[in-house]
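The residues making up each chain are set out below.
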Amino acid sequence: MNFPAGLLGNNAAAKASSSLRRRGISIRHIAFAFALSIALLTLYFNYFRHNGYLFPGDVMHYAPETPEVWTDRSLQVRDAFLHAYHGYERFAFPNDELRPLSNTSINNFNGWAVTAVDSLDTMHMMGLEQEFKRAMTAVHNTNFSLPTNTRVPFFETVIRQLGGLLSAYALTNDDILRTRADELGTILAPAFRTDSGFPKYGVNTVRGTSDGPLVGSLAEIASYQMEYAYLGKITGKKEHVDRATAATRNFVNADLREHGGMYPVFWNISSGQPRDTHLSVGAASDSAHEYILKQYLMTAHKDKANLEMYLRFTSHVFNNLMYISPNRHLLYVTDSKLYRTGNRPTHNFEHLSCFLPGLLALGAHTLPLNNLEEVGLNFTALADDLLPKHKLGYEELASFDLKDLHLWAAEGLAQTCYLTYADQPTGLGPDIINMLSGGPRPEILWIDAMREWRTSGRIGPPPGVGDKYPWVGDDTPRNGREREMAYAMRDYYVKNADYQLRPETVESLYILYRVTGDVKWRHRGWDIFQAIEREAKTPSGYANIDKVDTYNPQQLDVMPSFFLAETLKYLYLLFREDDLVPLDKWVFNTEAHPFPVFEWTEKEKEAYGVS
């Protein structure tokens, strides 16, 4: 077959074509070779990489550093806290939060000096006595019943304000903190005046009434058990304990058969039953999942109902919501909705979900996962009231070493959380990414990969767990096609490019370091802290960042209280050489406020009806 010179484009191309013809190679041969290459690539991506499950890790070495280096880094975090808190004191106290660009304040959480109260335990841990003393004026002077407080948000007030008071009391034994916590817990109690005992969204602290819709998100209706249980313990008031146990009672009685034993996102507050089929560990649900394990740990491993619920939750996540990305083999957790045809994942991966690796590591560290019989549990029997397909999943999980499985999941997820930071030009993590799985690309469930890895002889690290270098692709693609190719190589695109000074990733790095002793988690935390210093610091504090996936990030006029209460606290504890808050003696609430582990006395068990 001959081609006109114009079609080939130049004489050189024509000569090449002529040479190929002399060798007996025609365009048909070339077309066949091209088609065969495409077929082999398709087979590779959709069969061998989908079913072979070879997920090698990079060889990475982290310098151990001296204790003096890590101590110096903890002091740098303390200096960052002082920079932020002094800016808040100068421009915002006693209002809620600092606006770090305009040097103004905002009262977005009742006007009760939330940054000061949220930061009390951080200041105490850092030895900042003068700052702590000045912050205590807010504790003494706050009026919880001002006319402006006609709609106090229950959830945020409990985890930040009540949690801050309780934790500071636990660390100092200062009676004024207990007294004020008791007052606040009582003034928020009208939220519980519902048929189920689940709280409504808001409280009018002047009239003593509650308001809000009769459908509530999981996080808002079930993230108070720790605070009210500990409040009941230190005050001796049964009514506080009753409020804490209402959530457990509702969950035990809820019909979760269609949900695989996992709590969905939205609930009917009147009936105490699920309202939808959306399953997630991210926004609107995260802290509720967190509290079922932590309530069990805080009450000295005696609350068996919460332990059962935690195991059912993690089992459903392992079997249905954790995936491996096609190219870099990143382990991630996503959300899904249940339909008659099955589970449909979104493949969104949220920064808020990055609390999960820390929770899994905490569970692996504290629970007898390989000997549940010693706490009176049969693992596979937990699925007895579930659908047959879910029962099979429990049998699959039971064939693994459960402690290893939970810790591998923690390590793989935490690494992906870190890489979402390290992949960006700013070194800061976006709020939401979307993994490019499904459709023309493989959709690989982690548990399927784990099964094949085991069957094939456990070659290399478990899927998604091996160390990986950050993405080093071109961050400035010139057109849409190049951009799509870059996304495909990286395995995701950024859906929300804000970094909101969130704590979840560094929280998990801290817990993993304390559980495993592996110095890589410290180094990764140090990378994140340096990025915060470089990109988020302002003359008066630290700012949220937009466009973290570009070379032109923009600071936003927001410094949330949790940056001081959580993010800087976890970084400080990560770099400290001594273990200030041992994980077997203290349990952090979702706002990083540590509560001590305690046991109910026999008298309390009888009076409160707890175990």
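Reading the values: the criteria
- Residues numbered from 1 in each chain as written.
- Predicted model: local features only at pLDDT ≥ 70, side-chain atom pairs only at ≥ 80, totals over all residues.
- Heavy atoms only, no water.
- Helix = DSSP H or I, 4+ residues; strand = E, 2+ residues; numbered from the N terminus.
- Buried < 20%, exposed > 50% of the residue type's maximum accessible area, 1.4 Å probe, protein only.
- Contact = heavy atoms within 4.5 Å.
- Areas by Shrake-Rupley, 256 points an atom, 1.4 Å probe, with all protein chains shown as cover.
- Pairing = 2+ DSSP bridges.
- UniProt positions renumbered as here; feature names shortened; annotations may be inferred.
- Polar contact = N/O pair within 3.5 Å; in protein donor to acceptor, adjacent residues only side chain to side chain.

What to know about the overall build of the protein chain
Step number 1: Within the protein chain, the secondary structure is distributed over 23 helices and 21 strands.
Step number 2: Split into buried and exposed, the 611 residues of the protein chain put 56% on the buried side.
Step number 3: Residue pairs at least 24 apart in sequence account for 72% of intrachain contacts in the protein chain once pairs closer than 6 positions are excluded.
Step number 4: Accessible surface, the protein chain as shown: approximately 24,800 Å² in total, 52% of it carbon and sulfur.

Some remarks on the sheet that holds strand β16 (residues 444-445)
Step number 1: With antiparallel pairing, the three strands of this open sheet are ordered in space as β11-β10-β16. Of all the strands in the sheet, the pair left with one neighbour each is β11 (331-333) and β16.
Step number 2: As judged from the three bridges shared by strand β10 (residues 322-324) and β11, these two strands associate in the antiparallel manner. Each bridged residue has a counterpart across the sheet, and for Tyr323 the counterpart in β11 is Tyr332.

Here's the deal with unusual backbone geometry
Step number 1: Geometrically, the link from Phe93 to Pro94 is a cis peptide bond, its omega value of 5° lying close to zero.
Step number 2: Relative to the helices and strands, Pro94 resides in the loop between α4 (67-91) and β1 (97-99).
Step number 3: The residue Leu501 is not glycine, and still its phi comes out positive at about 60°.
Step number 4: With respect to the helices and strands, the residue Leu501 is situated in the loop between β17 (492-496) and α20 (504-516).
Step number 5: With relative accessibility at 0%, the residue Leu501 sits in the buried group.

Considerations on the UniProt feature "binding site: Ca(2+)" (unreviewed entry) in the protein chain
Step number 1: The residues that UniProt annotates with the feature "binding site: Ca(2+)" (unreviewed entry) are Thr590.
Step number 2: With respect to the element layout, Thr590 can be found in the loop between β20 (586-588) and β21 (594-596).
Step number 3: Once residues lying within four places of it in the same chain are set aside, the contact partners of Thr590 are Ile159, Ser287, Glu290, Tyr291 and Glu566.
Step number 4: There is a polar contact of 2.9 Å between the side chain of Thr590 and the side chain of Glu290.

Here's the deal with the environment of Leu405
Step number 1: Among the structural elements, Leu405 can be located in helix α17 (residues 402-422).
Step number 2: The spacing of Leu405 and Leu360 is 45 residues in sequence and 9.5 Å in space, taken between C-alpha atoms.
Step number 3: If we skip the residues at most four places from it in the chain, Leu405 touches Phe318, Leu397, Phe400, Trp446 and Met450.

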